[in-house]
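# Structure assessment
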Amino acid sequence: MDAVIAPLLLVAFVLLGGLVACVGRRPSPARALSRRHGEHDGRPVALHTLGNALGLTAQISEFGATLVSVRVPDRLGQIAEVTLGHDDFRGYVEQNPYLGSTVGRYANRIAGGNFTIDGQSFQVARNNNGQHLHGGVAGLDRRVWSSQPVREGDAAGVRLTYVSPAGEEDYPGTLTVYVTYLVPADRNEVRIRFEATTDAPTLCNLTNHAFFNLAGGGEILRHRLELFADRFIPISESLIATGERTPVEGTPFDFRRPHTIGERIDAAHPQLVRARGYDHAYDLGRSQGCRLAARMTDPESGRTLEVLTDAPGLQFYSGNFLDGTVQGRWIKPYGFRQGFCLEPGLFPDSPNQPAFQRAGYPSGVLRPGEKYAMEMAYRFGVA
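Let me sum up the structure you'll find in this document. Since the structure is predicted, the reported quantities are computational estimates derived from the model, not experimental observations.

Let us look at the overall build of the chain. Check the secondary structure of the chain and you find 4 helices and 27 strands. The C-alpha atoms of the chain give 20 Å as radius of gyration, which agrees with the globular expectation for 383 residues (21 Å, within 12%). The principal-axis extents of the C-alpha atoms in the chain amount to approximately 60 × 50 × 40 Å. Taken across its 383 residues, the chain has 57% of its residues classed as buried. In the chain, of all internal contacts separated by at least 6 residues, the share reaching a separation of at least 24 is 66%. Surface summary for the chain: the accessible area is close to 15100 Å², and the carbon and sulfur share equals 51%. Mean positive and mean negative side-chain charge positions of the chain (39 and 40 charges, respectively) differ by 4 Å.

The following block contains the structure:
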């Protein structure tokens, strides 16, 4: 039944949006619907659908606080799916390389899974070639969150909550996490707000790990990227941040002016060779409020994606480790460089990199009485 209901909900949103556009009225408030997504460990999992009258629909699951789907129009008004994901709940449980997931407690990599807080050493899972990645074996992306609908002005949304107990994935402290997704009425945008508190010193670095393909299929090498950063973070052979902040000037990492992803991705630059392409954090500068960090354009459909954030870093990943083993909603499995990620957050391995901290960037340590907060938005348009 769910497989039938989901497309009907999306059609209803699109038809209503078209009706509003035809009569020329001010866009009506964004809308929200909820249904059952599946069941995990005996708990029912809800799926929330948010939509507006301009043609955007987004779906968010309680499993992993996951952005399951985003559908937006192209320059001809044709609406299509622009994220990589699964049409059925089972895919997220059994075969999900973080597609759309909320990742943490510490997004990105920690060298050797080891860090020290106040002189005490902690060892967390080495779940990625000897390194810690995205919160461990069963991080926030593998948990069932609770949720409730929210409304902020004309924006419809959902607020998800998860309490990660002390010792989960061997992290210290009980971490209470909130993720709020909002779709406004007046533009095609998915806003995401992350918040967290703890009862003992711990690490916290959260992000959304959506994979995008603005063409709706095929390679992403013709997508054109602008990334507004003067420096990037080099990585070692084990893909761990070296602690340097290297100027992009004169390198294949300079996207301050538009370049296609494929233009320089196979250059004989040691950083590209190590990562099999782009899988690097960019330095957006110390907190300046929410600002435009990157813009991606698909020349064929005309769809554009802007990423806005108040985070100091942005990880650009060109899908180098998609290897055809994940069968998602496309007819064929997701393959090499068929999706990209633009993930705001702290720099990778920040707890172990004093050079970042000396430069005024966060260590990733969260203490009792403090509040972790990060905002980001995926803003869609056409060119």
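Don't stop here, the text continues.
Taken together, the 9 strands give an open sheet; going across it, the order is S11-S12-S13-S14-S27-S23-S22-S17-S20, and neighbouring strands pair in antiparallel fashion. Sheet topology places strand S11 (146–152) and strand S20 (259–260) at the edges, where each strand pairs with a single neighbour. As paired elements, strand S14 (residues 189–198) and strand S27 (residues 372–382) share 8 bridges and run antiparallel to each other. Opposite Ala196, over in S27, you have Tyr372 as the bridge partner.

Overall, the coordinates contain 3 cavities of 30 Å³ or more when judged by the stated rule. Roughly 80 Å³ of internal volume is contained in the largest cavity. Every residue lining the largest cavity is counted, 13 residues in all, and those nearest its centre are Asn108, Gln315, Glu343, Gly345 and Leu346. Sorting the residues of the lining of the largest cavity by element identifies strand S24 (313–317) and strand S25 (341–345) as the ones contributing at least two each. A class-by-class count of the residues in the lining of the largest cavity yields 5 nonpolar, 7 polar and 1 charged.

A word on the layout of surface pockets. Empty space left among the atoms is revealed by rolling a probe the size of a water molecule over them. Looking at the largest pocket, its volume works out to about 410 Å³. Around the largest pocket, the lining is made up of 22 residues, and of these Tyr98, Arg109, Leu133, Tyr317 and Phe321 lie nearest the centre. In terms of residue class, the lining of the largest pocket is made up of 10 nonpolar, 8 polar and 4 charged.

Basis of the calculations
Residues numbered from 1 in each chain as written. Predicted model: local features only at pLDDT ≥ 70, side-chain atom pairs only at ≥ 80, totals over all residues. Heavy atoms only, no water. Helix = DSSP H or I, 4+ residues; strand = E, 2+ residues; numbered from the N terminus. Rg over C-alpha atoms; globule rule 2.2 N^0.38 Å. Buried < 20%, exposed > 50% of the residue type's maximum accessible area, 1.4 Å probe, protein only. Contact = heavy atoms within 4.5 Å. Areas by Shrake-Rupley, 256 points an atom, 1.4 Å probe, with all protein chains shown as cover. Lys, Arg positive; Asp, Glu negative; His and termini not counted. Charge placed at Lys NZ, Arg CZ, Asp CG, Glu CD. Pairing = 2+ DSSP bridges. 1 Å grid on protein atoms, 1.4 Å probe; cavity = no way out; pocket = protein on both sides within 12 Å on 5 of 7 lines; lining within 4 Å. Points joined across faces, edges and corners; volume = space filled by probe spheres on them. Nonpolar A, V, L, I, M, F, W, Y, C, P; charged D, E, K, R; others polar.

In short, shape yes, function no, at least from these values alone.
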